[in-house]
Amino acid sequence: MKYEFISRYLDAPFVPGRALDIFVPEKITQETAVFFIHGGGWSSGSRTLYHRIMEQLNEAGYLCATTDYRLANPVRPAPGSGISAVEQLQDCREAYDVLITYLKEHDLPLKTAVFGASAGAHLASLLGCAAPGACGETVKLANGWVKPSKLILQSVPVTLEPWAEIFPPIAASIRDCACGGVSYEQDPELYRRLSMTSYPGADAPQCFYMEAGNEHMFPAELSFAAAQKQHDCGGAPVWKQYHGAEHGFFYDLSREVQQRAWTDMLKFLNDDPVSGAEQL
């Protein structure tokens, strides 16, 4: 199958990190477009991480896009200066809005699923569950907000608020990168605003939580509790743990556990039951 690969930049002159790639199959046979947000502790990573999976989705008839965002620098001159998850969410919303513009221009359904892993899952969860501007981000959109219909969240930090036995490097990354060097004690409201668990409403997109069996950064019980809360609010989340998988495992399709996650993702996108998922 032939593909069209398009890179779009959000600014002129170019601003590093504010760009996305759109992968268009020769024939689009699926109604849902899939939008990817990479992880990397809010301070590293690239939109190219998901190109291989996106090619496979193109083979299955899905239009896809993947975004970069401005990366945080843990070393900053003063707390609250520089890039944090607030600015990164703005970048992701504006890149997502470019995808919506593309769908409109080509008379395609405005139906989307957003995939994110680790820090990317955190940003994806806020993009889907929080209203534009609710997290403190500036909103500059060409279109009215088109909420994703589905979220696929792999190894997601559902909260930035401290939890018992938090892994020290994760606590540091949340403080220095996601929260711009501001500690929880200095601004607990910032941590609350930047937590998916603050937005559990019944109108949230349907969520598929992909959890690694060997997860050591973000406790799986926290995402399970978040899924249970969504269920109690009238949602229909899916939660599944992949034994033998490590944090951020779903970036390729070369391993058996990645193939299982791939099969499950396609089922979720097609509204089919995901085998082995927990019953909420």
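This text gives an overview of the structure that appears in the document. The model shown is predicted, which means the values in this text are computed figures rather than measured ones.

## Overview of the packing of aromatic side chains
The final tally for this structure, using the stated rule, is 15 aromatic pairs. Taken together, a centroid distance of 4.3 Å and an interplanar angle of 35° make the contact between Phe5 and Phe23 tilted. Of this pair, Phe5 sits in strand 1 (residues 3-9) while Phe23 sits in strand 2 (residues 19-25), and the two are 18 residues apart along the sequence. Owing to a relative accessible area of 6%, Phe23 belongs among the buried residues under this scheme. Here the aromatic rings of Phe208 and Phe268 are separated by 5.3 Å at their centres, their planes lie at 45°, and the arrangement is tilted. Highlighted residues: Phe208 in strand 7 (residues 206-212) and Phe268 in helix 7 (residues 256-269), separated in sequence by 60 residues. Side by side, Phe208 and Phe268 carry an identical accessibility label, which is buried. Grouping aromatic residues by their ring pairs yields a cluster made of Phe36, Tyr50, Phe115, Tyr242, Phe249 and Phe250. Its end group placed over the ring of Trp145, Arg93 keeps NZ or CZ at 4.8 Å from the ring centre. Of note, Lys150 hangs over the ring of Phe268, and the distance from its end group to the ring centre comes to 4.4 Å.

## Describing the sheet that holds strand 2
Across the sheet, eight strands lie side by side as 1-2-4-3-5-6-7-8; this open sheet has mixed pairing. Strands with a single pairing partner mark the edges of an open sheet, and in this sheet they are strand 1 and strand 8 (238-242). Averaged over all neighbouring strand pairs, the angle between strand axes comes to 15°, with direction disregarded. Here five bridges tie strand 6 (residues 150-154) to strand 7, and the two strands are oriented parallel to one another. Bridge assignment links Ile152 to a residue of strand 7, and that residue is Phe208. Across the face of the sheet, helix 6 (residues 220-232) comes into contact with strand 7 and strand 8 while running at roughly 165° to strand 7.

## Things to note about the environment of Trp262
Its place among the elements puts Trp262 in helix 7. Considered as a pair, Trp262 and Asp252 are 10 residues apart in the sequence and their alpha carbons are 9.2 Å apart. When near neighbours in sequence (up to four residues on either side) are disregarded, Trp262 contacts Ile53, Gln56, Leu57, Phe250 and Leu253.

## Here we look at the pairing of strand 7
The buried count for strand 7 comes to six of seven residues, which makes it a mostly enclosed element. Note: strand 7 against strand 8, five bridges, orientation parallel. Bridge pairing in strand 8 places Phe208 opposite Val238. Read as a crossover between parallel neighbours, the route from strand 7 over helix 6 to strand 8 is right-handed.

The rules behind the values
Residues numbered from 1 in each chain as written. Predicted model: local features only at pLDDT ≥ 70, side-chain atom pairs only at ≥ 80, totals over all residues. Heavy atoms only, no water. Phe/Tyr/Trp six-rings, centres within 6.5 Å; stacked < 30°, edge-to-face > 60°. Helix = DSSP H or I, 4+ residues; strand = E, 2+ residues; numbered from the N terminus. Buried < 20%, exposed > 50% of the residue type's maximum accessible area, 1.4 Å probe, protein only. Lys NZ or Arg CZ within 6 Å of the ring centre and 35° of its normal. Pairing = 2+ DSSP bridges. Axes fitted to C-alpha atoms, helices over the stretch in contact; angles between N-to-C directions. Contact = heavy atoms within 4.5 Å. Right-handed = clockwise from strand over helix to strand, strands pointing away.

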